[in-house]
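# Residue-level structural notes
One-letter residues, chain by chain:
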Amino acid sequence: MFARRFALAVAVLAGLIGSQGPEFAQQYRQRLGGALEELNRIIAEFDAEAQAQNLTPAEGLSRLEGNADPLARQRGEDMAEAIDRAKRLSEQLQAIASGSPLTRLYVVARDFDPEIAKSALDNYEPAAPLSLGALAAAGIAAFWGWAATHLIAWPFRRRSRLRAMRAQSGAANPD
């Protein structure tokens, strides 16, 4: 009896937490868009600087990365990382924008950017789960919470039943 009530409590708690997933994905997407805009601004400035020197962006990166000056070399590595990150974030933003509410959760979980996720979580504000996606996420999370509780409790319930059966068979067969 206790296990069923505990499983229900875990399911309700998991459902409440799961219902916040779509809202977190929304706030993450907003921060992702802002980060991508800033990276694109930095990359555009670098491209303009390279063009002013009659270089392509790739040639500008090569020149910086091959420079003997450690500061210039580091700047080249940082720009290469910024370009790679902008590409990743752009692909992720496109995948989030084109997906359903539950698909967005999957995309965020699969490809999340740690800096953006931390920033979104630090400023996260819970929302009432009124959308169909939030309610579906709540239902899925509640089911997984209930199932996990039953799975974890299964060995204990089994052991308890075996003890009860032994006690019952011992009482029925007194020596």
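Everything below is about the structure printed above this text.
Treat the numbers as computed from the prediction; the structure is a model and nothing was measured.

### What to know about a nonpolar patch on the surface
- Together, Leu 102, Ile 140, Phe 143, Trp 144 and Trp 146 make up an exposed nonpolar region whose accessible area comes to about 540 Å².
- The greatest single-element share of the nonpolar patch, amounting to 4 residues, is contributed by helix α7 (residues 132–172).
- Relative to the helices and strands, Leu 102 is located in helix α5 (residues 101–111).
- Here Leu 102 falls in the partly exposed class, since its relative accessible area comes to 33%.

### Digging into the environment of Leu 151
- With respect to the element layout, Leu 151 can be found in helix α7.
- When its relative accessible area of 63% is taken as the criterion, Leu 151 is described as exposed.
- Distance from Leu 151 to Ala 7, taken between C-alpha atoms, is 9.9 Å for residues 144 residues apart in sequence.

### As for the nonpolar core
- One finds Tyr 28, Leu 32, Leu 89 and Ile 96 to be the most contacted residues of the largest nonpolar core, which totals 21 residues.
- For this core, the elements supplying multiple residues, two or more each, are α2 (21–52), α3 (57–65), α4 (70–98), α5 and α6 (114–122).
- Sequence-distant contacts of Tyr 28, defined by excluding residues within four places in its chain, comprise Gln 92, Ile 96, Val 108, Asp 111, Phe 112, Asp 113, Ile 116, Ala 117 and Ala 120.

### Description of the environment of Asn 67
- Along the polypeptide, Asn 67 turns up in the loop between α3 and α4.
- Apart from the residues lying within four places of it in its own chain, the contact partners of Asn 67 are Ala 72 and Arg 73.

### Digging into the environment of Gln 30
- Mapped onto the elements, Gln 30 comes out in helix α2.
- Put simply, Gln 30 and Leu 93 are 63 residues apart on the chain and 9.4 Å apart in space, counted from C-alpha to C-alpha.

### Quick look at a negative patch on the surface
- On the surface, Glu 65, Glu 77, Asp 78, Glu 81 and Asp 84 cluster together into a patch of negative charge.
- Of the residues forming the negative patch, the biggest block, 4 residues, is contributed by α4.
- Relative to the elements of secondary structure, Asp 78 occurs in helix α4.
- For Asp 78, a relative accessible area of 37% gives the class partly exposed.

### Some points on the side chain of Asp 113
- Its place among the elements puts Asp 113 in the loop between α5 and α6.
- Once you skip the residues sitting within four places of it in the chain, Asp 113 turns out to touch Tyr 28, Arg 85, Arg 88, Leu 89 and Gln 92.

### Comments concerning the packing of aromatic side chains
- Applying the stated rule across the entire model yields 3 aromatic pairs.
- Between Phe 24 and Tyr 124, the aromatic rings sit 6.0 Å apart at their centres with planes inclined by 55 degrees, giving tilted as the arrangement. Here Phe 24 is found in helix α2, whereas its partner Tyr 124 is found in the loop between α6 and α7, with 100 residues between them in sequence.
- Here Phe 143 and Trp 144 contribute two aromatic rings whose centre-to-centre distance is 5.8 Å and whose plane-to-plane angle is 70 degrees, an arrangement assigned as edge-to-face.
- Classification of Phe 143 by relative accessible area gives partly exposed; the value is 47%.
- One aromatic cluster in this structure is built from Phe 24, Tyr 28 and Tyr 124.

What counts and what doesn't
- Residues numbered from 1 in each chain as written.
- Predicted model: local features only at pLDDT ≥ 70, side-chain atom pairs only at ≥ 80, totals over all residues.
- Heavy atoms only, no water.
- Patch = residues over 30% accessible without salt bridge, like charges linked within 9 Å, V, L, I, M, F, W, Y side chains within 5 Å.
- Areas by Shrake-Rupley, 256 points an atom, 1.4 Å probe, with all protein chains shown as cover.
- Salt bridge = Lys/Arg side-chain N within 4 Å of Asp/Glu carboxyl O.
- Helix = DSSP H or I, 4+ residues; strand = E, 2+ residues; numbered from the N terminus.
- Buried < 20%, exposed > 50% of the residue type's maximum accessible area, 1.4 Å probe, protein only.
- Core = buried A, V, L, I, M, F, W, Y, C linked by side-chain atoms within 4.5 Å.
- Contact = heavy atoms within 4.5 Å.
- Lys, Arg positive; Asp, Glu negative; His and termini not counted.
- Charge placed at Lys NZ, Arg CZ, Asp CG, Glu CD.
- Phe/Tyr/Trp six-rings, centres within 6.5 Å; stacked < 30°, edge-to-face > 60°.

Any functional reading would require information that these geometric values do not contain.
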